Amino acid sequence: GLCEILCKDAAALSAHRFGTYVIQDLLAYRATEFGSSITRQLCQYMADVCLNNDSCMVLEAALIRCSGEDVDLMLSGILNSDGCVGAMAHMRRGHTVCLSLLSNGNIQVRQEASRQLLRDSASLRTNRFGRMVMRRVADLCGTNSNNNNIGH
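So, a few notes on the structure that sits alongside this text. Keep in mind the model is a prediction, meaning the values are calculated, not measured. Residue positions are counted from 1 within each chain, in the order its sequence is given. Confidence filtering applies because this is a predicted model: local features only for residues at pLDDT of at least 70, side-chain atom pairs given and counted only at 80 or more, and all residues used for totals across whole chains, interfaces and linings. With hydrogens and water stripped out, all remaining heavy atoms of the structure feed into the side-chain values.

**What to know about helix α3 (residues 19-44)**
And step 1. Numbering of helices and strands runs from the N terminus; a helix is a DSSP stretch of H or I covering at least four residues, while a strand is a stretch of E covering at least two. Working rule for helices: expected span equals 1.5 Å times residues minus one. For α3, with 26 residues, the first-to-last C-alpha span of 18 Å runs short of the 38 Å given by 1.5 Å per residue.
And step 2. For a residue, the bend is simply the angle between two axes, fitted respectively to the seven-residue segment ending there and the seven-residue segment starting there. Along its length, α3 reaches its greatest deviation from straightness, about 130°, at Ala31.

**Some remarks on the side chain of Gln116**
And step 1. If you trace the backbone, Gln116 turns up in helix α9 (residues 107-119).
And step 2. Whether two residues are in contact is decided by their heavy atoms: any pair within 4.5 Å suffices. When near neighbours in sequence (up to four residues on either side) are disregarded, Gln116 contacts Leu79 and Val85.

**Topic: the state of the cysteines**
And step 1. What counts as a disulfide here is a pair of cysteine sulfur atoms lying within 2.5 Å. A complete count under the given rule lists zero disulfides for this structure.
And step 2. Of all cysteine sulfurs in the structure, the one in Cys50 sits closest to Cys43, which takes part in no disulfide; the separation is 9.2 Å.
And step 3. Here Cys141 stays free of any disulfide, with the sulfur of Cys98 as its closest cysteine sulfur at 14 Å.

Such coordinate-based values are descriptive only and should not be taken to indicate function.
In structure tokens, the structure reads:
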């Protein structure tokens, strides 16, 4: 049906200023049926998805509403897409995905996200969204954001 057709183009729709709401609604009301299909689409184009504010809203919705296996697949896609975490941290919608990774991810996710963000800390400190993310990294490290050691 229509939902299946929409899922096949989930990555492209998520980048559209109105299409993003369609995919978010699918996740909100039909995640058990279509979450895996949407996740696979997003992961296939993760490098592009992470660089688009509208797509980042879909990523955040998927991280909240999809099953554990689908979330793990997305986390892996985000963390393994070179530069995506740092790029998202600079963005209005993307920084909320970074905050979610740092707040809700398991210890390995938090550590890897923190490591990638610390690598970009100089540019993140010059951006209001980046500063919010770096404050969260500093909280996780148990130190100020100038220290590049991840605390345990």
